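Residue-level structural notes
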Amino acid sequence: MPLSEHEQRMLEQMERALYAEDPKFATALEGSGLRTYTRRRVYQAVAGFLVGIALLMAGMVAQQVWLSVVGFLVMLGCAVLAVTGWRKAPKPGEQPAAGAGPQARRQGRQKRSMMDRIDERWQRRRDEQQGGQ
């Protein structure tokens, strides 16, 4: 779910404050993130795929059908994880934008306006509660 405008502004303010307080730490955090996480996940999926091949072969050698089926399912699951992780990984030098993923494109304007209305109602209620106290 994409962030509202208010949440995006708050996040940007927190980022600016972090850079102002400790630029070295903020720069170190910038290098890690979604790209590193997805790359690590793809590597884990490839390792799991290899384990699945080993289970499949072991099941064939031991003539245990259930072990071969488990190996195939492990291979299939890891292949799906690797492909989805590879697609989600941002390109080198690219900053992932908040709410710019394929889901946000599919939702279209109508969904965003509904979220804006909900956000406005929430803000109105909060303001009314604070004014009444």
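Residues numbered from 1 in each chain as written. Predicted model: local features only at pLDDT ≥ 70, side-chain atom pairs only at ≥ 80, totals over all residues. Heavy atoms only, no water.

By the naming in an unreviewed UniProt entry, the protein chain is Spore wall synthesis complex protein, taken from Streptomyces plicatus.

**Some remarks on a nonpolar patch on the surface**
Under the convention used in this document: Patch rule: a residue counts if its relative accessible area is over 30% and it has no salt bridge; like charges are joined within 9 Å, and nonpolar side chains (Val, Leu, Ile, Met, Phe, Trp, Tyr) within 5 Å. Throughout, the Shrake-Rupley method with a 1.4 Å probe supplies accessible areas, and for residues the shown protein chains are the sole cover considered. When a carboxyl oxygen of Asp or Glu lies within 4 Å of a side-chain nitrogen of Lys or Arg, that pair is called a salt bridge. By the criteria applied, helices consist of DSSP H or I runs no shorter than four residues and strands consist of E runs no shorter than two, each listed in order from the N terminus.
Residues Val 65, Val 69, Phe 72, Leu 73, Leu 76 and Val 80 make up a contiguous nonpolar surface patch of roughly 570 Å² in combined accessible area. Secondary-structure assignment places Val 65 in helix α4 (residues 65–88).

**What about the pattern of salt bridges?**
Counted only if it meets this: Here's how the labels work: a residue is buried when its accessible area is under 20% of the maximum for its type, exposed when over 50%, partly exposed in between, all with a 1.4 Å probe on protein chains only.
Tallying each qualifying case throughout the model produces one salt bridge. Put simply, Glu 12 and Arg 16 hold a salt bridge, and the shortest N to O gap is 3.9 Å. On the criterion of helical spacing, the pair formed by Glu 12 and Arg 16 is a turn pair, its members being four residues apart in helix α1 (residues 5–21). For Arg 16, a relative accessible area of 54% corresponds to the exposed category.

**Let's talk about the UniProt feature "transmembrane region" (unreviewed entry) in the protein chain**
Just so we agree on the cut-off: UniProt positions are given in the numbering used here, feature names are shortened, and annotations may be inferred rather than shown by experiment.
Here the UniProt feature "transmembrane region" (unreviewed entry) sits at residues 42–60 and 66–86. Strand forms 0% of residues 42–60 and helix 100%; the C-alpha atoms that close the span are 27 Å apart.

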